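# Tertiary structure, described
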Amino acid sequence: MTELARPGLDALAGRIQARVGLDLGVYKDKCLRRRIAVRMRACNVHTLDAYVALLDREPAEFDRLLDALTINVTSFFRNPETWRCLAAHLLPDLLTAREGRLRAWSAGCASGEEPYTIAMLVAGVLERLERGAWLSRLRVDATDVDRRSLERARAARYPRRAFSEADPAVVARWCLPEGEDELVVRPELRALVAVGTHDLSQAQPAPGTFDLICCRNVIIYFDREVQERLMHRFADALLPGGVLVLGKVESILGPARERYELLGAARADLPEGRLMAVEILVRVADFRVLAGEGLLVTLGLGSCVAVMLHDREAKVGGLAHILLPSRSLGRGADNPGRFPQTAIPATVEAMAGLGADRRRLTARLVGGASMFQALAPAGSIQMGDRNVIATREVLTGLAIPVVGELVGGGQGRSVWFDVAGGRVLVRSVGQDDTTL
Ligand SMILES: C[S@@+](CC[C@H](N)C(=O)[O-])C[C@H]1O[C@@H](n2cnc3c(N)ncnc32)[C@H](O)[C@@H]1O
């Protein structure tokens, strides 16, 4: 590979920043060098100085270099197992809980195949739920740093090969033929997708905005510091119970991991022995309180435990969705809402603020499933069991009686806590509903 000297690279980065505002400093050095070298070879240029001069002369090569640096490979329903998992386990609950008002973000959307995939998927789930009319409540933000990709996303016109992983019936439902070999996404679906510029390394999304963030095959190009910062930003940008979907070879690094739970639900669709090769689905642990009428809902409970605290007389409820810190990370302080020792007292405190009496509180527990049984050494105590044990210990210490529970097993669950009536409805994948 051509050796690229630092001063020349810095000059090139300066040109790019000045012309299109893209900061190359956030990308992994090795990736950048490899891609620039590829473009230089393609142009038959042997020094960086000569290449920078060529970029100044030929705008088309400048665009090709930007394409190479930002890598915008994508397709409809790319990695179908991820979408199957979302459609089967998470979206139905999320859409029901939000009555269709789902706000999704495809961050690093390239030419738009991913955000339109999200819209098609939601449409399919709503049809299954017999709530087709809710589709107009969906909004998908589609952002990227590459303006040319965004133009393609706005045009929403694609060659047929972009749909090779999509279900033909879904394509026929949501796309119209255009010329010989192209399809255009129907206007009613396009109206749900807002395309715009957003540089993930710079801009901070508004906190508490999204139910679902898909950021796939993007962070892998960033250096570690930028990746860690971004994971915190995503956690801030998600609503409580929101879901983050990363690409197949991506994972959350550093202390930001404490702010998410790994769902790993896609494993069910994969052949045995490939459990670690799943795309990663995670959600934020949190606690919430409510007085009077209303529901507290938490979705995607795997090995986590949901604790529902209730003061029947004052009609005040609290729900904490908690899990223990990962062993490798110790007791991170980034998300006190995550741990039984901190989240339960914090929930009690917040309930007292709404008029609940600590002496009247009762607790119900749901969750603690063995989601990663196949990966655990034989005879070892499961993560789900550890979460249940730790939660019970904290409740005993606070003298809060447990009046109902549904824990253990191997299924993901969701919980719907009716605060006024004090009932807890538990939905388990593939099983009948249970009321506690
Ligand atoms: C490989 S594509 C991924 C497309 C889609 N998410 C998928 O998985 O099919 C990577 C995208 O990330 C975008 N990207 C790279 N750096 C970015 C940044 N700093 N901010 C926003 N998007 C960026 C690129 O422009 C490119 O469109």
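Residues numbered from 1 in each chain as written. Predicted model: local features only at pLDDT ≥ 70, side-chain atom pairs only at ≥ 80, totals over all residues.

### A few points about the overall build of the chain
Along its length, the chain carries twelve helices and 19 strands. Buried positions account for 41% of the 436 residues belonging to the chain. Excluding contacts between residues fewer than 6 apart, the proportion of contacts in the chain whose partners are at least 24 apart in sequence is 73%. (Helix = DSSP H or I, 4+ residues; strand = E, 2+ residues; numbered from the N terminus. Buried ≥ 20, exposed ≤ 12 C-beta atoms within 10 Å, placed from the backbone. Contact = placed C-beta atoms within 7 Å.)

### Quick look at the sheet that holds strand β4 (residues 175-178)
Taken in spatial order, the three strands make up an open sheet running β3-β5-β4, and their pairing is antiparallel. Two strands in the sheet have a free side with no partner beyond their single neighbour: β3 (157-159) and β4. If you compare each strand with its neighbour and ignore which way they point, the axes differ by 35° on average. Relative to strand β5 (residues 182-185), β4 runs antiparallel, the two being bridged by four bridges. Looking at β5, one finds that Glu178 is bridged to Glu182. (Pairing = 2+ DSSP bridges. Axes fitted to C-alpha atoms, helices over the stretch in contact; angles between N-to-C directions.)

### Looking at the pairing of strand β8 (residues 238-246)
A regular strand places its side chains so that they alternate between the two faces of the sheet. Most of β8 is tucked away, with seven of its nine residues classed as buried. Bridge count for strand β7 (residues 210-215) against β8 is five bridges, and the pairing is parallel. Paired with Ile213 across the two strands is Leu244, which belongs to β8. The parallel pair β7 and β8 is bridged by helix α10 (residues 224-237), and the resulting crossover is right-handed. (Right-handed = clockwise from strand over helix to strand, strands pointing away.)

### A word on the site of the ligand
Near the ligand lie 21 residues; those nearest to it are Thr70, Thr74, Gly108, Ala110 and Leu200. Partitioning the shell around the ligand into residue classes produces seven nonpolar, eight polar and six charged. (Near = placed C-beta within 6 Å. Nonpolar A, V, L, I, M, F, W, Y, C, P; charged D, E, K, R; others polar.)

### With respect to unusual backbone geometry
Backbone phi values are negative for most residues with the exception of glycine, while trans is the configuration of most peptide bonds. At Asn44, a position not held by glycine, the phi torsion is positive, near 60°. Its place among the elements puts Asn44 in the loop between α2 (29-42) and α3 (48-57). Asn44 sits in the exposed class, given 8 other C-beta atoms within 10 Å. In this structure, Lys315 takes a positive phi of about 55° despite not being glycine.

### Digging into the environment of Ile389
Mapped onto the elements of the fold, Ile389 is located in helix α12 (residues 383-397). Residue classification places Ile389 among the partly exposed residues on the basis of 14 C-beta atoms within 10 Å.

### Concerning the confidence of the model for the chain
Looking at the chain, pLDDT values average 85 and 87% of them are 70 or higher. Across the chain, the secondary-structure element scoring lowest on mean pLDDT is strand β10 (residues 281-284), at 60, and the one scoring highest is strand β2 (residues 139-144), at 98. Below a pLDDT of 50 lies the segment residues 327-332, which in the model reaches eight contacts outside its immediate sequence neighbourhood of four places, other chains included. (pLDDT = per-residue confidence, 0-100.)

### Topic: the nonpolar core
What tends to happen in soluble globular proteins is that the nonpolar side chains get buried as a cluster. Within the largest apolar cluster, 97 residues are counted, with the highest numbers of intra-cluster contacts made by Ala119, Val122, Ile213, Ala306, Val307 and Val415. If one sorts the elements of this core by residue count, helix α6 (residues 113-128) sits on top with eight residues. In terms of domain composition, this core takes at least three residues from each of domain 2 (80-282) and domain 3 (285-435). In contact with Ala306, other than residues within four places in its own chain, are Thr298, Leu301, Leu319, His321, Val366, Gly367 and Val415. Among the nonpolar cores identified, the runner-up in size contains eight residues, and Leu12, Ile36, Met40 and Leu55 belong to it. (Core = buried A, V, L, I, M, F, W, Y, C linked by C-beta atoms within 7 Å. Domains from an automatic or database assignment.)

### Describing the packing of helix α11 (residues 340-353) against α12
Viewed as axis vectors pointing N to C, α11 and α12 meet at an angle of 45°, and their least axial separation amounts to 9 Å. Here α11 lies oblique to α12, going by the angle between them. α12 is crossed by α11, and the crossing has right-handed handedness. Note on element contacts: α12 touches α11 through Ala390, Thr391, Val394 and Leu395, opposite Pro340, Gln341 and Ile344. Looking at the contact of α11 with α12 residue by residue, the classes come out as five nonpolar, two polar and no charged. (Parallel < 35°, antiparallel > 145°, perpendicular 65-115°, else oblique. Left-handed = near helix turned anticlockwise from the far one by under 90°.)

### As for the packing of helix α1 (residues 6-20) against α3
Where α1 contacts α3, the axes come no closer than 9 Å and their chain directions differ by 15°. When the interaxial angle is binned, α1 and α3 end up roughly parallel. Handedness of the crossing formed by α1 with α3: left-handed. Residues Gly8, Leu9, Ala11, Leu12 and Arg15 of α1 lie in contact with α3, whose contacting residues are Leu48, Asp49, Val52 and Leu55. The class makeup of the residues in the contact of α1 with α3 is six nonpolar, one polar and two charged.

### Concerning the sheet that holds strand β14 (residues 316-322)
Either a parallel or an antiparallel arrangement is found when strands of a sheet pair, and the pairing is made through backbone hydrogen bonds. Ordered in space as β11-β14-β13-β15-β16, the five strands form an open sheet in which the pairing is mixed. The two strands at the open ends of the sheet, each matched to only one other strand, are β11 (286-291) and β16 (402-407). Along the sheet, successive strands turn relative to each other by an average axial angle of 10°, direction set aside. As judged from the six bridges shared by β11 and β14, these two strands associate in the antiparallel manner. Across the sheet, Ala291 pairs through a bridge with Val316, a residue of β14. Contacting β11, β13 (305-311) and β14, α11 crosses the sheet at an angle of about 165° to β14.

### Topic: α1
Here α1 spans 21 Å end to end across 15 residues, near enough to the 21 Å set by a 1.5 Å rise per residue. Gly21 lies just past α1 and shows a positive phi near 75°. (Expected span 1.5 Å × (residues − 1).)

### A word on the environment of Gly242
Turning to its location among the elements, Gly242 is positioned in strand β8. Sequence separation of Gly242 and Arg103 is 139 residues, and the distance between their C-alpha atoms is 9.8 Å.

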